[in-house]
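Residue-level listing of the chains:
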Amino acid sequence: MAKPMIKAEFKAIADHAMLVQFAKELNEEAHHAVLALDKALIDTPPIGVTEVIPALVNVLVDFDPLVTDHQKIETDLRAKLKALDHAARVGTMHRVPVCYEASFCPDLSHVAQRAGMSEDAVINAHLGGDYRVLMYGFAPGFAYLAGVPRPIQVPRKPTPVRDVPECSVIIAGPQCLITTLIMPTGWSIIGRSTVQTLTGDSDRPFLFDVGDQVQFERIDMASFDRLTKQATDG
Amino acid sequence: MADAQLYVRFAGPLVTLQDAGRPGHMRFGVPASGPMDRLSFAAAHAALGNPAGQTCVEVSLGGVELECREGDVTLAITGGEFVVNHNGRKSTGWTVVTLHTGDRISVRSGASGSWAYLACSGIIASDTWLDQSATHASSGFGGGALHAGQTLAVRDARVSPDREGAVAPYTQDVKDPFRVVIGPQEECFAPGVADVFTLETFKVSDAYDRMGMRLVGPGLTLNGSLSIPSEPIVRGSVQVSGDGVPTVLLADHQTTGGYPKIATVISCDIDRLVQTRAGQPIQFEAVPADRAIAIVRAEALARDLYLHDIGVPRGTLEQRLFRENLIHGVFDP
């Protein structure tokens, strides 16, 4: 049965984009609409559409202003919305190994303290989360994963730490990230993965699609070394 | 056709290799990057008769100095008003010159402008990321930043005497206001703030790099909500941080962010905007979205004509002298 159509607001961006907004605050229904519209636009892009960027509550549709315009794009988008398949999109499930060796998780004790839990309980809570790729942003390949269990949700640190290595597993509030570059971050560093979100594979350069699911799996230092070596040896 | 080797004697910060950019990956957090001033980049290639979009050197205010260690190659330098010094002969950019083995050329900041483009008759060999050489400056992905001591190999280097000489810059006035479409979060601002943004004068601050340009000017007061759910950003988005300070996001922009946006600069005005410098006053002018499309379409036609015109070879020196003599009526064989 078709669900009633969610209300969408259209906003013109400069000469080359339209923002389709489903809500002012993040909620499940709005984000499902984002995923559904994104899929419809990727499957059959309207004439002139050059890029589709899904975010939390809206989708940005970039177009070639020499080919189409805001009015035509709005008409195309309204037609897509009418025919939208709201069936929850089942994204690919990824199992991502994480090593929680002490040197990889400088903030684990702080998170444990804040949560009033042991470090092992924090690790188990982190492993127990069902994560979903909400959107990309900030830096190339930075996939924001929603799903950090409430007991271990901690705010951003007041001061960013510099030179955090790539593949660090970091959390802030309900979100988790696997870093792709050496960078400063105010998020809590609680582990290290062996998985590169920027895969280096030209056929599939980014590991996740928006809407995909992620489960973390604990590995020990020996497995970490083995998997890292495998990855560098190709 | 042979190869030429260009040795980098000096490169300032933010001197990078750039091709036309890698659009299509914003959904994965990757901005298009590519030249800050896309028109001057296109002009450099047009002036050499190159296919559009090849790799070139984007020169920042830091400047660059190259030495031809092997082979011969014709170069075009466009963008801003930079000082070009070719073996001691100085000119103010917008020029096509030929480097022979042993020649040196420097491109340094001049009277105005923030970015220059140095293109070669031939193909600059470069690392690529996602099939493009465009450098994403903060990660270094792509062709990367130039550094002293490295050598740029130019494959199939050509010498094109018929293209040497001055290149006409595109006619545009840096003092004209930069056109924007207001929104998409104008409702996040106190009443009248959109008018403040378009009526008042701002200054470019020194917090200016390939990611964006922070402005100094009247505070753009937010209406309570200091952030919004993170949403997509485009090149030209004007985001306003909680302290009311606007930043125009540019070639290496983040692809999503949670600061409200007061406006977006229309695409064809960004080339002019990036050539401003710290301290320079700038103004914005609001246009409706349909007008923005009309402006960009008219501008695209004008730019195509311009690029075509500067792409016509002037002929060899002999042919040019012959033509000049005919025109001036003193041809005497």
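Residues numbered from 1 in each chain as written. Chains lettered and ligands numbered in written order. Predicted model: local features only at pLDDT ≥ 70, side-chain atom pairs only at ≥ 80, totals over all residues.

This part covers the overall build of chain B. Regarding its fold elements, chain B presents five helices and 23 strands. The C-alpha atoms of chain B give 21 Å as radius of gyration, which agrees with the globular expectation for 333 residues (20 Å, within 12%). Viewed in the frame of its principal axes, chain B has a C-alpha envelope of about 80 × 45 × 30 Å. When burial is assessed residue by residue, chain B has 49% of its 333 residues classed as buried. Counting only contacts in chain B whose residues sit at least 6 apart along the sequence, the fraction spanning at least 24 positions is 77%. (Helix = DSSP H or I, 4+ residues; strand = E, 2+ residues; numbered from the N terminus. Rg over C-alpha atoms; globule rule 2.2 N^0.38 Å. Buried ≥ 20, exposed ≤ 12 C-beta atoms within 10 Å, placed from the backbone. Contact = placed C-beta atoms within 7 Å.)

Turning our attention to the sheet that holds strand β6 (residues 81–86) of chain B. All names here are of chain B. The strand order across the open sheet formed by seven strands is β7-β6-β9-β4-β1-β12-β11, and the pairing between neighbours is antiparallel. A single partner strand is all that each edge strand has here, and the edge strands are β7 (89–91) and β11 (123–124). Examined bridge by bridge, β6 and β7 share three bridges and lie antiparallel to one another. Residue pairing in the sheet places Val84 in a bridge with Ser91 of β7. (Pairing = 2+ DSSP bridges.)

This brings us to the domain arrangement of chain A. Residues and elements named next belong to chain A. Partitioning chain A into domains gives domain 1 (9–82) and domain 2 (93–233). Computed from C-alpha atoms alone, the centre-to-centre distance between domain 1 and domain 2 is 30 Å. Every contact between the two is made by five residues of domain 1 and, on the other side, four residues of domain 2. Grouping the constituent residues of the side of domain 1 that touches domain 2 by class yields four nonpolar, no polar and one charged. (Domains from an automatic or database assignment. Nonpolar A, V, L, I, M, F, W, Y, C, P; charged D, E, K, R; others polar.)

The partner chain B presents 35 residues to the 37 residues of chain A that form the contact. Where the side of chain A that touches chain B is concerned, the elements lending two or more residues are β1 (9–13), β2 (17–21), β3 (49–54), β4 (58–63) and β6 (131–136) of chain A. When residues of the side of chain A that touches chain B are assigned to their parent elements, the largest contribution, five residues, is made by β3 of chain A.

Time to look at helix α1 (residues 28–43) of chain A. Residues and elements named next belong to chain A. Across its 16 residues, α1 extends 22 Å between first and last C-alpha, which sits within 8% of the 22 Å expected from 1.5 Å per residue. Of all the residues in α1, the buried ones are Ala30, His31, Ala33, Val34, Leu35, Ala36, Leu37, Asp38, Ala40 and Leu41. Contact partners of the buried residues in α1: β2, β3, β4 and α2 (70–82). (Expected span 1.5 Å × (residues − 1).)

Residue and element names in this part refer to chain B. Where helix α1 (residues 38–48) contacts helix α4 (residues 289–310), the two axes come as close as 8 Å, and the packing angle between them is 30°. In the packing of α1 onto α4, the handedness of the crossing is right-handed. Together, Leu39, Ala42, Ala43, Ala46 and Ala47 of α1 and Arg303, Leu307 and Ile310 of α4 make up the contact between the two elements. Grouping the constituent residues of the contact of α1 with α4 by class yields seven nonpolar, no polar and one charged. (Axes fitted to C-alpha atoms, helices over the stretch in contact; angles between N-to-C directions. Left-handed = near helix turned anticlockwise from the far one by under 90°.)

Turning to the domain arrangement of chain B, a few remarks are in order. Residues and elements named next belong to chain B. Segmenting chain B into domains produces domain 1 (2–171 + 306–310) and domain 2 (178–287). Averaged C-alpha coordinates put domain 1 and domain 2 at centres separated by 29 Å. Residue contributions to the side of domain 1 that touches domain 2 peak at three residues, all from α1.

The subject of this paragraph is the environment of Thr232 of chain A. Of note, Thr232 of chain A is situated in helix α5 (residues 221–233). On the neighbour-count criterion, Thr232 of chain A (7 C-beta atoms within 10 Å) is exposed.

This part is about the nonpolar core. Across soluble globular proteins, nonpolar side chains show a tendency to be buried alongside one another. Judged by nonpolar contacts, the single largest core of 157 residues is most densely connected at Val61 of chain A together with Leu75, Leu118 and Val181 of chain B. Each residue touching Val181 of chain B, except ones within four places of it in the same chain, is listed here: Ala12, Ile13 and Ala14 of chain A together with Ala263, Thr264, Ile266, Val287, Ala289 and Ala292 of chain B. (Core = buried A, V, L, I, M, F, W, Y, C linked by C-beta atoms within 7 Å.)

Looking at the element boundaries, Gly29 of chain B is found in the loop between β2 (16–18) and α1. Judged by the 24 C-beta atoms lying within 10 Å of it, Gly29 of chain B is buried. Taking the C-alpha atoms as reference, Gly29 of chain B lies 9.6 Å from His253 of chain B; in sequence the two are 224 residues apart. Beyond its immediate stretch of four places on either side in the chain, Gly29 of chain B contacts Tyr136, Gly137, Phe138, Ala139, Pro140, Gly141 and Phe142 of chain A together with Thr255 of chain B.

Now for the pairing of strand β8 (residues 95–99) of chain B. All names here are of chain B. In terms of strand pairing, strand β5 (residues 73–78) meets β8 through five bridges, oriented antiparallel. The residue bridging Thr74 from the neighbouring strand is Thr98, located in β8. Bridging between β8 and strand β13 (residues 165–166) involves two bridges; their strand directions are antiparallel. Paired with Thr95 across the two strands is Ala166, which belongs to β13.

Bringing helix α4 (residues 119–128) of chain A into the picture now. All names here are of chain A. Residues Val122, Ile123 and His126 constitute the buried set of α4. Down the axis of α4, the smallest arc covering the buried residues is 100°, so these residues share one side. Looking at the buried side of α4, the elements it contacts are α3 (108–115), β12 (188–193) and β13 (213–219). (Arc of directions from axis to C-beta.)

Another point: unusual backbone geometry. Backbone phi values are negative for most residues with the exception of glycine, while trans is the configuration of most peptide bonds. A cis amide bond links Gly183 of chain B to the next residue, Pro184 of chain B, at an omega of 5°. In this fold, Pro184 of chain B is placed in the loop between β14 (178–182) and α2 (193–199). Phi is positive for Cys167 of chain A, which is not a glycine, with a value near 70°. As for its placement among the helices and strands, Cys167 of chain A is situated in the loop between β8 (161–164) and β9 (168–172). By the C-beta count within 10 Å, which is 22 here, Cys167 of chain A ends up buried. One non-glycine residue, Trp94 of chain B, lies in the positive phi region at around 45°.

Residues and elements named next belong to chain A. Where β6 meets strand β7 (residues 143–146), four bridges bridge the pair, whose relative direction is antiparallel. Paired with Val133 across the two strands is Leu145, which belongs to β7. The hairpin formed by β6 and β7 contains six residues between the paired strands, and Phe138 there has a positive phi angle of roughly 70°. Here β7 runs beside strand β10 (residues 175–178); their pairing, made up of two bridges, is antiparallel. For Ala146, the partnering residue across the bridge sits in β10 and is Gln175.

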